[in-house]
Amino acid sequence: LLICVICVLTFSCVRKYSSPTFRNNLYSPKADIVPDKTPNRLQADSLFGWVHEAWSIDDTTVVEKGGYDVMSVVRFYRLCLRILLCSSIYCWIVLLPTNWFGNTSIIHNSFDRWSMTNIPQQSPKCWLHLIG
């Protein structure tokens, strides 16, 4: 998670504070060669303005500017995000409280309290991990 945050912050800072010539050559090197296949410039100029535009792009724009290969990758990422969102909601609401209030007598370190090792063997609560 820390590496992900560092990468996003680095990308945002380089995008925001780099010179326009460097930015254009780095992020869209083919803009001068094939201008009709190049995506439009981002409207938002804030530090994280690119995030909203990246998630709100429609499928027809992706197919027109990038092709069907790019569209399949974008759809795959969207599917992964939806699955991750559903799983994380279940984990936060069901699994973490179940693990936290499990068998607290066998705790070796603080991580064990949040993991499945805090639930006794043969307990019906183990089925919650299978569902999640």
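Anyway, here's the lowdown on the structure attached to this text. Fair warning: this is a prediction, and the values are worked out from it, not measured in the lab. (Residues numbered from 1 in each chain as written. Predicted model: local features only at pLDDT ≥ 70, side-chain atom pairs only at ≥ 80, totals over all residues. Heavy atoms only, no water.)

Across its full length, the protein chain carries seven helices and zero strands. Start at the N end of the protein chain and walk to the C end: the helices and strands fall as α-α-α-α-α-α-α. Buried positions account for 16% of the 132 residues belonging to the protein chain. Split by element, the accessible area of the protein chain, about 10400 Å² in all, is 68% carbon and sulfur. (Helix = DSSP H or I, 4+ residues; strand = E, 2+ residues; numbered from the N terminus. Buried < 20%, exposed > 50% of the residue type's maximum accessible area, 1.4 Å probe, protein only. Areas by Shrake-Rupley, 256 points an atom, 1.4 Å probe, with all protein chains shown as cover.)

What follows is about the side chain of Arg78. One can find Arg78 in helix α5 (residues 68–100). By relative accessible area, Arg78 is classed as buried at 17%. In contact with Arg78, other than residues within four places in its own chain, are Ile57, Asp59 and Met71. (Contact = heavy atoms within 4.5 Å.)

Quick look at a nonpolar patch on the surface now. A cluster of nonpolar residues, Leu1, Val5, Val8, Leu9 and Phe48, forms a patch on the protein surface that exposes about 470 Å² of accessible area. Structurally, Leu9 is set in helix α1 (residues 2–17). (Patch = residues over 30% accessible without salt bridge, like charges linked within 9 Å, V, L, I, M, F, W, Y side chains within 5 Å. Salt bridge = Lys/Arg side-chain N within 4 Å of Asp/Glu carboxyl O.)

Evaluated as defined, the whole model comprises one aromatic pair. Ring plane angle 45° and centroid distance 6.2 Å describe the contact between Phe76 and Tyr77, whose orientation is recorded as tilted. Of the residues examined, Tyr77 reaches a relative accessible area of 52% and is grouped as exposed. (Phe/Tyr/Trp six-rings, centres within 6.5 Å; stacked < 30°, edge-to-face > 60°.)

Where helix α4 (residues 59–66) contacts α5, the two axes come as close as 7 Å, and the packing angle between them is 140°. On the basis of the axis angle, α4 is oblique to α5. Where α4 abuts α5, its residues Asp59, Val62, Val63 and Gly66 lie against Tyr68, Val70, Met71, Val74, Arg75 and Arg78. Tallied by class, the residues present in the contact of α4 with α5 amount to six nonpolar, one polar and three charged. (Axes fitted to C-alpha atoms, helices over the stretch in contact; angles between N-to-C directions. Parallel < 35°, antiparallel > 145°, perpendicular 65-115°, else oblique. Nonpolar A, V, L, I, M, F, W, Y, C, P; charged D, E, K, R; others polar.)

Let us now look at the pattern of salt bridges. Two side chains bearing opposite charge may form a pair once their charged atoms approach each other closely. By the definition in use, this model includes two salt bridges. Measuring nitrogen to oxygen at the nearest pair gives 3.5 Å for the salt bridge that ties Arg75 to Asp59. Taken together, the positions of Arg75 in helix α5 and Asp59 in helix α4 put the pair 16 residues apart, joining distant regions of the chain. With a relative accessible area of 51%, Arg75 lands in the exposed category. Residue Asp59 is classed as partly exposed on the basis of its relative accessible area, which comes to 27%. In this structure, Asp59 and Arg78 form a salt bridge, with 2.7 Å as the shortest nitrogen-oxygen distance. With Asp59 in helix α4 and Arg78 in helix α5, this residue pair connects regions lying 19 residues apart in the sequence. One connected set of salt bridges, linked through shared partners, spans Asp59, Arg75 and Arg78.

Function-wise, these values are silent; they only describe arrangement.
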